[in-house]
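A look at the structure
So the chains spell out like this:
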Amino acid sequence: MSFIKDFKEFAMRGNIIDMAVGVIVGGAFGKIVSSLVNDIIMPVVSIATGGDGLKNMKYIIVQGKEATAEGVAAVEEVAVNYGMFIQNIVDFLIIAFSIFVALRVIMKFKKKEEEAPAPAPEPTKEEQLLTEIRDILKNQNK
């Protein structure tokens, strides 16, 4: 039973729950950024690169051939897909920039919260009484 109790305490800690929420929100954010790249930015880039898009850019080392009726086996194409590599770099840069901007905004809000001084709490009746006693004792010593 101790194992289950320990696991329950571990799973219900605030930072574990915060981390789980962060992972879920991060996954959704990743989908949004991927859609931005694939559906908005890359079509514009494909027009600039001749309409073929980055994903299809490659350097063919060995040309692929289909099998023939005479029994010659098919040869698969061997190529360096540098366009897909460039696409992944663009994805990474956009995601990294988006996360940077989001964190910067969050840090500005946190900084503003930290700069604002908290109002001093009202002294309790006990503290007021102790302050009066202190003042009386100071006046007696003079």
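What counts as what
Within each chain, residue numbers correspond to sequence positions counted from 1 in written order. Given that this is a predicted model, residues contribute local features only at a pLDDT of at least 70 and side-chain atom pairs are listed and counted only at 80 or more, while totals for whole chains, interfaces and linings are drawn from all residues. Water and hydrogen atoms were dropped before computing side-chain values, which therefore reflect all heavy atoms in the structure. Each helix is a run of DSSP H or I of at least 4 residues and each strand a run of E of at least 2, with the numbering of both proceeding from the N terminus. The size measure is the radius of gyration over C-alpha atoms, and the globule rule it meets is 2.2 Å times the number of residues to the 0.38 power. Between buried and exposed lies partly exposed: a residue is buried under 20% and exposed over 50% of the maximum accessible area for its type, with that area taken using a 1.4 Å probe on protein chains only. When a carboxyl oxygen of Asp or Glu lies within 4 Å of a side-chain nitrogen of Lys or Arg, that pair is called a salt bridge.

1. Points about the overall build of the chain
Scanning the chain from terminus to terminus reveals 4 helices and 2 strands. Radius of gyration (C-alpha) of the chain: 33 Å, far over the 14 Å computed for a compact globule of 142 residues. Its C-alpha atoms put the chain at 120 × 50 × 25 Å along the principal axes. Within the chain, buried positions represent 8% of all 142 residues.

2. With respect to the environment of Asp18
Along the chain, the position of Asp18 falls in helix 2 (residues 14-48). Relative accessible area serves as the criterion here: at 57%, Asp18 is assigned to the exposed category. Measuring from C-alpha to C-alpha, the distance between Asp18 and Lys8 comes to 16 Å, with 10 residues separating the pair along the chain.

3. Some points on the pattern of salt bridges
Summed over all chains, the structure comprises 2 salt bridges. Glu77 is paired through a salt bridge with Lys58; the nearest N and O atoms lie 2.8 Å apart. One end of the pair, Glu77, is in the loop between strand 1 (59-62) and strand 2 (78-80); the other, Lys58, is in the loop between helix 2 and strand 1, with 19 residues separating them in the sequence. Residue classification places Lys58 among the partly exposed positions, given a relative accessible area of 37%.

Function-wise, these values are silent; they only describe arrangement.
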